[in-house]
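So you can see what is in the structure, the chains are spelled out below.
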Amino acid sequence: MRAQLIHPFTFGDRNQSDLLGGKGANLAEMVRIGLPVPPGFTITTEACREFLSSGTMPEGLPGEITSSLEFLEKSLNREFGNPEKPLLVSVRSGAKFSMPGMMETVLNVGMTPDVAQSLADTTGNPRFAWDSYRRFIDMYGRTVCGVQLAEFHRVEARVLAAVGVNSIQELDLLGLQNLADSYIREIEAVTAEPFPTDPHIHLIRSVEAVFRSWNSERAQVYRQRERIPSDLGTAVNIQSMVFGNLSDDSGTGVAFTRDPATGATGSYGDYLERAQGEDVVAGIRNTMSLAEFGERSPEVAAELERVMKLLEDHYRDLCDIEFTVEKGKLWILQTRVGKRTAEAAFRIATQLVDEGKISMDEALVRTSGDQLAQLMFPQFDLSASAKEIARGIPASPGAAVGEVVFDSRRAFDLARGGRKVILVRRETSPDDLVGMVASEGILTSRGGKTSHAAVVARGMGKTAVCGTESISVDERASLFTVGSLTVYEGETISIDGTTGKVYQGIVPVIASPVTSYLEGRLSAFSDEATAVVKAVDRILTYADEIRTLQVRTNADTPEDAIRARILGAEGVGLCRTEHMFLGSRRMYVERLVLAENEDVQRGVIAEMEPLQRADFVGIMMAMSGLPVTIRLLDPPLHEFLPPLAELSAHMARAEALGEEISTRDHAIFAAVKRLHESNPMLGLRGVRLGILIPDLYKMQVRALVHAYLEVRKLGHNPQPEVMIPLVSTQRELLYLRETLEAEIKKTFVGTGQKLDIPIGTMIETPRAAITADRLANYADFFSFGTNDLTQLTWAFSRDDVESTFLPRYLDLELLPFSPFESLDEAGVGILVRKATELARTVRPDFKLGVCGEHGGDPRSIHFFHELGLDYVSCSPFRVPVARLESGRATVLKSAAGSSSS
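Starting afresh in each chain, residues are numbered from 1 along the sequence in its written order. In keeping with the predicted nature of the model, local features appear solely for residues at pLDDT of at least 70, side-chain atom pairs appear and are counted solely at 80 or more, and the whole-chain, interface and lining totals rest on all residues. To obtain the side-chain values, all non-hydrogen atoms of the structure were used and water was disregarded.

J.: Would you explain the environment of Thr890 in this entry?
T.: Helix and strand definitions follow DSSP, with helices as H or I runs of at least four residues and strands as E runs of at least two, each counted in order from the N terminus. In this structure, Thr890 sits in helix α36 (residues 879-900). Per-residue accessibility, obtained with a 1.4 Å probe over protein chains only, is compared with the maximum for each type, and a residue is labelled buried under 20%, exposed over 50%, and partly exposed between these values. You can call Thr890 buried: its relative accessible area is 17%. When the C-alpha positions of Thr890 and Met620 are compared, they lie 30 Å apart, and in sequence the two are 270 residues distant.

What follows is the structure in structure tokens.
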């Protein structure tokens, strides 16, 4: 028997978001606990998936909508489409995961001219009635009929100009009716068909439009950014209307049970008199605070405070609440666990622990490595000269510098070209998402902390300043003015989302308080910064206490190693020795390649040895008592030599002009031609280079032994490890292991000391992964080089695909995310899992780590923890992120195990 596609709000609870979507599940939960929720029903996510698959309404859904509507009519003693006792409803999206503003909403469905006139007569408020009708035509035209917002703005401008007023709020009754009729004419021009008059058609088409909005461009961009699966679909909530635009004691608002920007305790939000819900988040009119609302309507405000406390206690978290007041009665339209900034996430988590509402395990899970990374970003250095030109509402913290841009699509194009931009708008709408994602920050002249710009920016971790009333934005002329100053597109501004200040030009940045604290640079922080730092330290300390996955660092210099250790690294998981020969040392590799014979080659290698030795001393001193994994040279030689095409052009030009070509240039040209490879990443590098030039790897282990001896002599405890790169066969590994062990033993002779230096290999090729049990017989450890393993598994050249087709693949959702950012668990992950299982058939305690960039990726860390790897290794900056995420992985795996048992 077919499953039901519609459920009333009296069905279900907050745990059924898979079926009812997040909004529908929370509406059901609020009804269950007795809150004043306007009645309605939810069309399930299953119905949406069927619609998106077939392109048509699922069989039986229109009938279920009719039946559910009839039930709603009886419960309210109203009739949909009947002017005598009209029922009006809203049609809203509601996916499993909150996607604020990304999909569609249509209010006042059921409204017709006859209904509007009836409402005008029965309420004695014709302006309310015809304004509600105008709003319905506006939203229906944009959402269902595809009329662009700019077209309606042009219609509005003509109507306003004709009667000499500046805003819709100033229109009289005739003006509102005229505007609605003008909307309809525009809709008919766009659709090339008469505007439908049957409200049942309006309802069905509105539901279809909400279903389709799941695949809108902005929804796809948001899902891609937030890693939300594209096959979930959205539920649709059909809810009886209550009217915030009915009278002076009516209005609408959004409330937060704590400050979502800072995490400070107390009630925060916005209220707008004589308005409907979309007016608040659109930021078209500036709002009043909840404190002001309390002064004007103390009884309703007290009831709202009671509801807010009840919901926060019930959900045990910050709640975001949409409400409407209709003639002095409070209605709760929806609630959800609120989006918050990184600062707020840490503060709120620890506050709730102190209040006894959640455990430290829950507090850890409610923060994330991504949020910690945001807190470590730099902030403005205001000790430098900075010209403040405006101040708005600090909507989402951070420091952003960039060129002013007024169009979202242009912001996207410029950012894709490598430019840093600040998107400046009067107010943002969901259509601006593509530009918001691409921008460094967002500045608006309208709206508050609950406006679209603020909510979306906080969710994405973008800097935003909203409601900057002193600036006048002219989007058509691509400029804004503040006082006598005019700022044109392309000029640079700096915005501070923590203070709301806007500066002209570039303001330099400094380390954030969190980074300063983690690096041991104690300073006098503000009270707010101190609260954040304490919360971060508390949660990070707890993560360290419970995690089982060690965190090492990728460090190629003593300075990197020192910084990483201060940030909590438990050793070096990858020291890329080829990086030690970049910059001014590049000439050594060049001379090695140009060597005329083995004697010259050995001479160059001899010159390289003391440099390597000094580098190793510095790194092992910094990591005294902790393991340091030295990866032997893995240089794709093309990175150290000029490109063949460039050299060929240079030689041809010189010959054509009769210029003398130096002996050195001839030698380099000959060497580049000799060593030229069609795909150097798959050519002479790694283990192959060590086999062809064995003296190179011998020199490195000699330098390592001498460095070990020197560091021991200085009273420290060096723990070196040697890692051979790009191994594919056990014969390669055995050949080099025997060679290196012999050189190590030989170097120790006469020193009176001895050390069995562990020798392992990277697992970077698919063959190495699927033959890991054979390699394990000749290795002391494995470290997964997931960068190369990803390239070789996908047949992707990272340098090429990221600038060619990969962005398009992501846009089309052919890939849910870049496999170079997060591990491809379904492909590359299978190889990592297989290699892990094979290695531990040889030795159950075989040491396994990860040293690719995925070692610092929060999502990938959970996979590595689940496999039971011993450590991850990442850049110094990501070490605290990996520590936190490793702790979260421990809690989540334990919770999953408890629920399954």
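J.: I tried to follow the pairing of strand β26 (residues 550-554) on my own but got confused; where do I start?
T.: Extensive coverage of β26 is indicated by the burial of 4 of its 5 residues. Being paired, for any two strands, means DSSP has found at least two bridges between them. In this sheet, strand β33 (residues 871-874) lies alongside β26 in parallel orientation, the contact comprising 4 bridges. Following the sheet pairing, Arg552 is matched in β33 by Ser873. The pairing of β26 with strand β27 (residues 572-576) spans 2 bridges and is parallel. If you follow Asn554 over to β27, its bridge partner there is Leu574. As for the winding sense of the linkage, the β-α-β connection from β26 through helix α21 (residues 558-566) to β27 is right-handed. Here is how to tell: hold the view so the strands point away, follow the path from the first strand over the helix to the second, and if it runs clockwise the crossover is right-handed.

J.: I keep staring at the environment of Cys851 and nothing clicks. Help me out?
T.: Among the secondary structure elements, Cys851 is positioned in the loop between β32 (847-850) and α35 (858-867). A residue is classified by how much of its surface remains accessible, and Cys851, at 3% relative accessible area, is buried. A C-alpha to C-alpha distance of 6.3 Å links Cys851 and Ser783, two positions 68 residues apart in sequence.

J.: Explanation requested: unusual backbone geometry in the structure shown.
T.: Most of the time, phi is negative for any residue but glycine, and the peptide bond is trans. A positive phi angle, near 50°, is found at Lys327, a position not held by glycine. Note on placement: Lys327 falls in the loop between β11 (319-326) and β12 (329-337). We note that Ser478 has phi near 55°; this positive angle belongs to a residue other than glycine. Within the secondary structure, Ser478 is located in the loop between β20 (471-474) and β21 (479-482). With relative accessibility at 24%, the residue Ser478 sits in the partly exposed group.

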